[in-house]
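Secondary and tertiary structure notes
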2 protein chains.
Amino acid sequence: MARRTKQEADETREALLDAAEQVFLERGVARASLDEIARAAGCTRGAVHWHFRDKLGLFLALDERLVLLQDELRERLCCDPNRPPLEHMAYAISAAMDDLERDPRRKRLLTIMLQRCEYVEEMAPALERRRAADLAFRTTLREHFERAELRGELAPNWKPERAAFFFYALISGFLNEWLRGNAGFELAAEVGPAVCTFLACVAQQPAS
Amino acid sequence: MARRTKQEADETREALLDAAEQVFLERGVARASLDEIARAAGCTRGAVHWHFRDKLGLFLALDERLVLLQDELRERLCCDPNRPPLEHMAYAISAAMDDLERDPRRKRLLTIMLQRCEYVEEMAPALERRRAADLAFRTTLREHFERAELRGELAPNWKPERAAFFFYALISGFLNEWLRGNAGFELAAEVGPAVCTFLACVAQQPAS
DNA sequence: TTATATACATACAGGAAGGTATCTTTACAA
DNA sequence: TTGTAAAGATACCTTCCTGTATGTATATAA
């Protein structure tokens, strides 16, 4: 068919992205064929090439759909500058994990990006996006630990720089293991308490 | 050519694996062609099909070459049952990281397995291997934390189960970030001290 | 010495998939 | 009413790559 209304065209586009998500997840990006994706979306390859130039374009468009955890956490952490930083972080993490667990589409996207695609040169835009998000997130974390230090809420053997990096790796690790699914745990139920315990031990111990 | 000596055949096999390692890393597993790999090894596809049935066989053989970090750490941790567990762990981690950093081949292999291949069904054997190693490693970690608890060397707010899982995710996170290269850090120099600081804070605080 | 299995090389046939180019239909503007 | 461009459908072509089949030379056992 042809020239539908603008809205119908957008629906087609979304349907294609949904289909790509599903097919990429099942078959991997490289082995997924555009024809398969188009058919799953109820149209033909013509529509794919119209909306997204080529396969790479489709992949990158799908990548844009993914709200990165780093960005979400940064968002949650930015406001409220006079709240106890460590407590604030613990809460933000718990909330973000909870969020993630409730959003199966985001989990599927993360799985695709982590285990169903090969990062060669042409994928650089997706990697670059992550890189930038990582950098910004680590900066935010460091600022929070610095504020904690200024407020005397950071144990003396932890320096902000190291604490931030440590924390960052920790989140990354939990997320990876959750996605890989080997450990078989629930994100919010495990990570929240673990992070709290950790932050409690990073916090300055009250004299007892 | 034909029927060379057994040793020469083995050399060919190794050359093919080396070539596969290089080509997989550069082009990703899916986009690498067997012909390209064979040529890089100085032979033809005939040799590939002889030594490793097909592409999947080649990939899995390459996977076997990788000594998993989990297994290495388990090895380092198994002996010496009356050494202080936490200290032992800190040392083992540092040594393993050092080891890894000195072995560029292992890093290349890890990179391939993490960022240059798509885990669809047929890759299951490789995933299963990791799963088993993960499980065993986490068990070992838990045992160590349990011993630490028995010796009164574990802070009361940390339970062995949680500490082990936490520690496991932490290692996984550091390794991933190192491989991804976004953080731009050196493994041994960063991880060792960070892990020590952490273990110090997990350890029972001496009364002060 | 001969036979045979080994260790490849080469040739062949085939499919699958992607890009492009060319229709076709329809919303919408003039 | 008609022209035009958006939104897809179809057709075609070309490129790659894989598996298999077969050829062949040689190490080695008998």
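You'll find the structure just up there.
What counts and how
Residues numbered from 1 in each chain as written. Chains lettered and ligands numbered in written order. Predicted model: local features only at pLDDT ≥ 70, side-chain atom pairs only at ≥ 80, totals over all residues. Heavy atoms only, no water. Helix = DSSP H or I, 4+ residues; strand = E, 2+ residues; numbered from the N terminus. Buried < 20%, exposed > 50% of the residue type's maximum accessible area, 1.4 Å probe, protein only. Salt bridge = Lys/Arg side-chain N within 4 Å of Asp/Glu carboxyl O. Polar contact = N/O pair within 3.5 Å; in protein donor to acceptor, adjacent residues only side chain to side chain. Contact = heavy atoms within 4.5 Å. Buried area = accessible area lost by both parts, 1.4 Å probe.

Below, the discussion takes up the environment of B:Pro81. All names here are of chain B. Along the chain, Pro81 falls in the loop between helix H5 (69-78) and helix H6 (85-101). The class for Pro81 is exposed, based on a relative accessible area of 61%. Sequence-wise, Pro81 and Arg147 are 66 residues apart; in three dimensions their C-alpha atoms are separated by 9.1 Å.

Okay, the pattern of salt bridges next. When charged atoms on two side chains of opposite charge get close, those side chains can pair. On inspection of all chains with the given rule, the structure shows 40 salt bridges over all chains. Note that B:Glu21 is salt-bridged to B:Arg65, the shortest N-O span being 3.3 Å. Of this pair, B:Glu21 sits in helix H1 (residues 6-27) while B:Arg65 sits in helix H4 (residues 55-65); the two residues are 44 residues apart in sequence, bridging distant segments of the chain. Among the residues examined, B:Glu21 registers a relative accessible area of 2% and is labelled buried. Overlapping salt bridges, with partners in common, bring together A:Glu14, A:Asp18, A:Glu21, A:Arg65, A:Arg105 and A:Arg108 in one network.

The next subject is the side chain of A:Gln70. Residues and elements named next belong to chain A. Here Gln70 shows up in helix H5 (residues 69-78). In this structure Gln70 comes out as buried when scored by relative accessible area, which is 12%. A distance of 2.4 Å separates polar atoms of two side chains, one belonging to Gln70 and the other to Asp134. Contacts of Gln70, omitting those with residues within four sequence positions, involve Arg130, Ala133, Asp134 and Phe137.

This part is about the interface of chain A and chain B. At the junction of the two partners, chain A supplies 41 residues and chain B supplies 41 residues. When the two sides are added together, the surface that chain A and chain B hide from each other amounts to roughly 3900 Å², 56% of it contributed by carbon and sulfur. Per-residue buried area on chain A facing chain B is highest for A:Glu118, A:Phe165 and A:Phe166; these three make up 16% of the total on that side. On the surface where chain A and chain B come into contact, there are two salt bridges.

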